[in-house]
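Structural characterization, general
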Amino acid sequence: MKKPVGKFIHQFRQWLPTLLEAPSEVEFNNYWAWRRRFLYKRLSLGLGLGLLYFSGLTGLYLIQMMLGDRSLNAVVFKNLLTALSMASWLVWLQLPVGKRQQAIAFLGLSWSITMLTNVPSALDPVLIPDLKGWTITFFAQATIIPFRWRLHLLSQLGAYAFFFSTSWLVSQQFLPANISATGFLFDMGWICLMSTLVVYLYERLSKAEFQTRYRLRQEQQRSEQLLLNILPPSIAERLLKQQQTIADSFAEVTVLFADIVGFTQLSTQMSPSEVVNLLNQVFSRFDELAEYHGLEKIKTIGDSYMVVAGLPQHRIDHASAIAQMALAMHQALKQLNTQTGHTLEIRTGIHTGPVVAGIIGLKKFAYDLWGDTVNTASRMESQGLPGEIQVSETTYECLKQQYVFEERGSIAIKGKGEMNTYLLKGKCAPEAIAAEQTNLI
């Protein structure tokens, strides 16, 4: 006996928290899905409370009968019948068809309470309307289970129709002689009207509240998406958690700068809209390449583009990823020139080393990098050659086994002095890479 009881308790403990779950993502975006789930939870809760109430009441009456009170036979029968009805509708609601047909469960709940408790018995053939019980039931349904106002009205009219028809069949009168028909209709009519009005107003308010929350959620998602468009996801998440200072040190990353050669002069020959449109075409393609290669675009300054590999998440192949990006950028620009008839060229510079990254400012903040590595990469670009990808010796040492380079030699770099630089030409053939690795072994 312990096992079934323990299993029931376990299932009950699993079922009860589902009534308090937050709406799912789908429910957040669809009012009727949210409403359906809400009504399912409220119906389950109402049926559970009803079952608990009538089961407990039946138990108390049985105890009284065991103590000698024999006047409760009819009451016990009615309450037991109502409890069984609550249990059956609760089981119905757990079935797939019950979840789809929630209105049937609601009417079953309502009529079980209002009708079964007024079933005539042999000991009490004259029916007396349970005005107190109906009043409590109708108001309880309106507050605990605000289902749909039309169904609330139907449940009330159904209870009256059942009572009047049963009373006529039993005693050939709609109401007992000691009850005023006018007073009964006015009193109960007012209770029904108020109960239905409560549900109607609740439906209006809940829909307005849902729409407000939905619009608020849309704005929040739009703001978060905007933040993700200007910041790395991990940084945006930290910022959304209201972290005051975001600053990280990275031991080794690879930074790329690219600048469109002669764009300033070209822009004087174009209208403002044409200038912006052309830049947008170029940088949009670069953005797509950065996303494809898993790199972090930092910013654009005029006609200059900056991207980095190795942060905010560390990656071992940061130098190789930037090299592939650089080669793809030059290839993409050639394709764009073919489509637009322009003769655009970019000058690219790459350097590898440590950086500090973080967010500064309160307004128009941005994720940026600082350190000598950034300055050196910028110098690689500014003192490079049009149409070429110039890399520092540090980057060359990281890539020389996998990529083809042309040594440019030692050149004077502003703020750095003489530096050996190399021009990246392409990726080595697979067999060449294998042969190089064999020689190293």
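Residues numbered from 1 in each chain as written. Predicted model: local features only at pLDDT ≥ 70, side-chain atom pairs only at ≥ 80, totals over all residues. Heavy atoms only, no water.

**Section: the overall build of the protein**
How we decide: Numbering goes from the N terminus for both helices and strands, where a helix is a DSSP run of H or I of at least four residues and a strand is a run of E of at least two. Relative accessibility under 20% of the residue-type maximum defines a buried residue, over 50% an exposed one, and the middle range a partly exposed one, all with a 1.4 Å probe and only protein chains included. We call two residues contacting when some pair of their heavy atoms lies within 4.5 Å. All accessibility values rest on the Shrake-Rupley procedure with a 1.4 Å probe; residue burial counts only the protein chains present in the view.
Looking only at helices and strands, the protein has 16 helices and eight strands in total. A total of 441 residues make up the protein; the buried ones form 40% of that total. Counted over contacts in the protein with a minimum sequence separation of 6, partners at least 24 positions apart contribute 68%. Taken as a whole, the protein presents about 25,000 Å² of accessible surface, with 61% of it coming from carbon and sulfur.

**Considerations on the confidence of the model for the protein**
Rules: On a scale of 0 to 100, pLDDT captures the predictor's confidence in every residue.
Here the protein averages 80 in pLDDT, and 85% of its residues register 70 or above. Here residues 18-23 is a poorly scored stretch, pLDDT under 50, and it has eleven contacts once near neighbours within four places are set aside; other chains count.

**Details of the nonpolar core**
Rule in force here: By convention a nonpolar core is built from buried Ala, Val, Leu, Ile, Met, Phe, Trp, Tyr and Cys residues, the set being connected through side-chain atoms within 4.5 Å.
Counting residues in hydrophobic clusters, the biggest one holds 39 residues, and the most contacted among them are Tyr 305 and Met 329. Among the elements that line this core, the one with the most residues is helix α13 (residues 318-340), at eleven residues. For Tyr 305, the residues in contact, after removing those within four places along its chain, are Leu 256, Phe 257, Ala 258, Phe 283, Phe 286, Asp 287, Ala 290, Lys 297, Lys 299, Thr 300, Met 325 and Met 329. Counting residues in each nonpolar core, the second largest holds 20 residues, with Val 255, Ile 298, Ala 357 and Ala 377 among its members.

**As for the pairing of strand β2 (residues 296-301)**
Condition: For two strands to count as paired, DSSP must find a minimum of two bridges between them.
Sheet topology note: the β2/strand β3 (residues 304-309) ladder contains five bridges and is antiparallel. Opposite Lys 299, over in β3, you have Met 306 as the bridge partner.

**Section: helix α9 (residues 181-230)**
Stated precisely, the cut-off is as follows: Expected span of a helix, by definition, is 1.5 Å for each gap between consecutive residues, and there is one gap fewer than residues.
With 50 residues, α9 extends 73 Å from end C-alpha to end C-alpha; this agrees with the ideal 74 Å at 1.5 Å per step. Looking at α9, one finds that the buried residues are Phe 184, Met 188, Ile 191, Cys 192, Ser 195, Thr 196, Val 199, Glu 203, Ser 206, Phe 210, Arg 217 and Leu 227.

**So, a nonpolar patch on the surface**
The following threshold applies: A patch consists of residues whose relative accessible area exceeds 30% and which take part in no salt bridge; residues with like charges are grouped when within 9 Å of each other, and nonpolar side chains (Val, Leu, Ile, Met, Phe, Trp, Tyr) when within 5 Å. What makes a salt bridge here is a side-chain nitrogen of Lys or Arg within 4 Å of a carboxyl oxygen of Asp or Glu, nothing more.
On the surface, Leu 45, Leu 49, Leu 52 and Ile 144 cluster together to form a nonpolar patch covering roughly 340 Å² of accessible area. For the nonpolar patch, the element with the highest residue contribution is helix α3 (residues 31-66), accounting for three residues.

**Points about the layout of surface pockets**
Counted only if it meets this: A cavity here means a set of 1 Å grid points, computed over protein atoms only, where a 1.4 Å probe fits but cannot escape. A pocket is an open set with protein on both sides within 12 Å along at least 5 of 7 lines, and lining residues have an atom within 4 Å of a point. Grid points are joined across faces, edges and corners, and a volume is the space filled by probe spheres set on the points. Residue polarity is assigned by list, with Asp, Glu, Lys and Arg as charged and Ala, Val, Leu, Ile, Met, Phe, Trp, Tyr, Cys and Pro as nonpolar; anything else, Gly included, falls into the polar class.
There is about 590 Å³ of room inside the largest pocket. Lining the largest pocket are 23 residues; nearest its centre among them are Tyr 53, Phe 54, Ile 113, Ile 136 and Thr 137. At the level of elements, α3, α4 (73-94), α6 (102-116) and α7 (131-144) are the ones that each hand at least two residues to the lining of the largest pocket. Among the residues forming the lining of the largest pocket, the class breakdown is 13 nonpolar, eight polar and two charged. Computed from the structure, the second largest pocket encloses a volume of approximately 490 Å³. Along the walls of the second largest pocket sit 18 residues, with Leu 228, Asn 229, Ile 230, Glu 296 and Lys 297 positioned nearest its centre.

**A few points about the pattern of salt bridges**
What the rule picks out here adds up to eleven salt bridges. When the shortest N-O distance is used, the salt bridge between Glu 209 and Arg 213 registers 4.0 Å. Placement of the pair is Glu 209 and Arg 213 together in helix α9, with a separation of four residues, close to one helical turn. Of the residues examined, Glu 209 reaches a relative accessible area of 46% and is grouped as partly exposed. Assessed through its relative accessible area of 28%, Arg 213 is described here as partly exposed. With a shortest N-O distance of 2.8 Å, Asp 317 and Arg 315 are connected by a salt bridge. On the basis of relative accessibility, which here comes to 38%, the residue Asp 317 falls in the partly exposed class. On the accessibility criterion, Arg 315 (21% relative accessible area) is partly exposed. Among the ionic contacts, a cluster of salt bridges with common partners joins Asp 259, Arg 347 and Glu 381.

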